[in-house]
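These are the residues of each chain, in order.
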Amino acid sequence: MFTIAPSVLSADFANLGAEVTSVIGAGADWIHFDVMDNHYVPNLTMGPAIAKAIKPYCVTTNGSSVPLDVHLMVQPVDELAVAFAKAGADLITFHPDAERHVDRTLQVIKDQGCKAGLVFNPAVPLDGLEWVLDKIDIILLMSVNPGFGGQSFIDSTYRKIEKAKRLIEDSGRDIRLEVDGGIKPSNIALVANAGADTFVAGSAIFDQPDYKAVIDDMRSRLAMC
Ligand code: DX5
Ligand code: ZN
């Protein structure tokens, strides 16, 4: 029910394959992959070639595949979304304020066989969401301003999570509610109690020596929600 999605943004980029293997061994459910273009956000990270390179590592020791959750912080979106789908993305989310024709972009992603979702920055309202709820598989709420790992969780996100959760429940659809930014063991239960089911965590996991200890700590706190 609860999904923990470590963000490799905070991993050791010189050892990305090994980092993915080790965080999956530590209990990661998904691999969160942050794509920044130095245009939509003031930072530059990884392209489709790197997604393709880590895709073979997105697997458990039993051989089951671990979804590659691609978070596009780019503008425009469509062409890169297709490139990431071809590189092996399982889910692709994008920011609606980065693309003029949101409904079409969702369709572009679905046509590639990927799950699709929208991402809302802290100051961006959920307006418009109800008109595309039938086309999305995931809503991603930013709990920091996108662009960098290691920032502090913005508290107004809790109310936004509650609001998004109500929209999902009213729709009766099976839509995941993911939250990204500043999540750590000490606040993950609050995020879950507000209504989130999927948790991105970068620095909280990769800045610690023992990834499994952090993920286990997160899971034990979620178990009490
Ligand atoms: C920020 C990214 C996040 C980031 C989260 O723009 O979308 O996924 O890696 O990092 P932490 O968990 O360190 O806030
Ligand atoms: Zn992200």
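Scroll up to find the structure this text is about.
(A) Layout of the coordination of the zinc ion (ligand 2). Here the zinc ion (ligand 2) is held by His-32 (NE2), Asp-34 (OD), His-71 (ND1) and Asp-180 (OD), and the distances to it run 2.0 to 2.3 Å. One can describe the donor arrangement at the zinc ion (ligand 2) as octahedral, given that its six donor atoms subtend angles of 69 to 167° at the metal. Expressed as a motif, the donor residue spacing for the zinc ion (ligand 2) is H-x1-D-x36-H-x108-D. Pair noted here: His-32 is in strand S2 (residues 31-36) and Asp-180 is in strand S7 (residues 176-180), with a separation of 148 residues, a long-range link. When sorted by exposure, His-32 lands in the same class as Asp-180, which is buried.

(B) Focus on the sheet that holds S2. Ordered by their spatial adjacency, eight strands build an open sheet running S1-S8-S7-S6-S5-S4-S3-S2, and the pairing between neighbours is parallel. The sheet is open, and its two borders are formed by strand S1 (3-6) and S2, each paired with just one other strand. Strand after strand, the sheet turns through a mean of 25° between neighbouring axes, direction not considered. When strand S6 (residues 138-142) meets S7, the two strands line up parallel, connected through five bridges. Of the residues in S7, the one forming a bridge with Met-142 is Asp-180.

(C) Quick look at the site of ligand 1. Near ligand 1 lie 20 residues; those nearest to it are Asp-34, Gly-150, Asp-180, Gly-202 and Ser-203. His-71 places a polar side-chain atom, nitrogen or oxygen, 3.2 Å from an oxygen atom of ligand 1. When the free accessible area of ligand 1 is taken as 380 Å², the share hidden by the protein chains comes to 100%. Among the elements that take part in the shell around ligand 1, S2 stands out by supplying three residues, more than any other. Classifying every residue of the shell around ligand 1 gives eight nonpolar, ten polar and two charged.

(D) Up close: the pattern of salt bridges. Tallying each qualifying case throughout the model produces eight salt bridges. Across the pair Asp-103 and Lys-135 runs a salt bridge whose closest N-O atoms are separated by 2.8 Å. Taken together, the residues span a long stretch of sequence, with Asp-103 in helix H4 (residues 102-111) and Lys-135 in the loop between strand S5 (115-120) and S6 at a distance of 32 residues. By relative accessible area, which is 23% here, Lys-135 ends up partly exposed. For Asp-217, the salt bridge identified is with Arg-221, shortest N-O distance 2.8 Å. Taken together, the residues span about one helical turn, with Asp-217 and Arg-221 both in helix H8 (residues 211-223) at a distance of four residues. Classification of Asp-217 by relative accessible area gives partly exposed; the value is 27%.

(E) Representation of H4 in the model. Of the residues making up H4, those classed as buried are Val-102, Thr-105, Leu-106, Val-108 and Ile-109. Looking straight down H4, one finds that the buried residues subtend no more than 155° of arc, so they occupy a single side. Along H4, exposed side chains directed more than 90 degrees from the buried face belong to Arg-104 and Asp-111. On its buried face, H4 sits against helix H3 (78-87), strand S4 (91-94) and S5.

Thresholds, definitions, all that
- Residues numbered from 1 in each chain as written.
- Chains lettered and ligands numbered in written order.
- Predicted model: local features only at pLDDT ≥ 70, side-chain atom pairs only at ≥ 80, totals over all residues.
- Heavy atoms only, no water.
- Donors = N, O, S within 2.8 Å, 3.2 Å for Na, K, Ca; no water.
- Tetrahedral: all angles 85-135°; square planar, octahedral: opposite > 155°, others 65-115°.
- Helix = DSSP H or I, 4+ residues; strand = E, 2+ residues; numbered from the N terminus.
- Buried < 20%, exposed > 50% of the residue type's maximum accessible area, 1.4 Å probe, protein only.
- Pairing = 2+ DSSP bridges.
- Axes fitted to C-alpha atoms, helices over the stretch in contact; angles between N-to-C directions.
- Near = heavy atom within 4 Å.
- Polar contact = N/O pair within 3.5 Å; in protein donor to acceptor, adjacent residues only side chain to side chain.
- Areas by Shrake-Rupley, 256 points an atom, 1.4 Å probe, with all protein chains shown as cover.
- Nonpolar A, V, L, I, M, F, W, Y, C, P; charged D, E, K, R; others polar.
- Salt bridge = Lys/Arg side-chain N within 4 Å of Asp/Glu carboxyl O.
- Arc of directions from axis to C-beta.
- Contact = heavy atoms within 4.5 Å.

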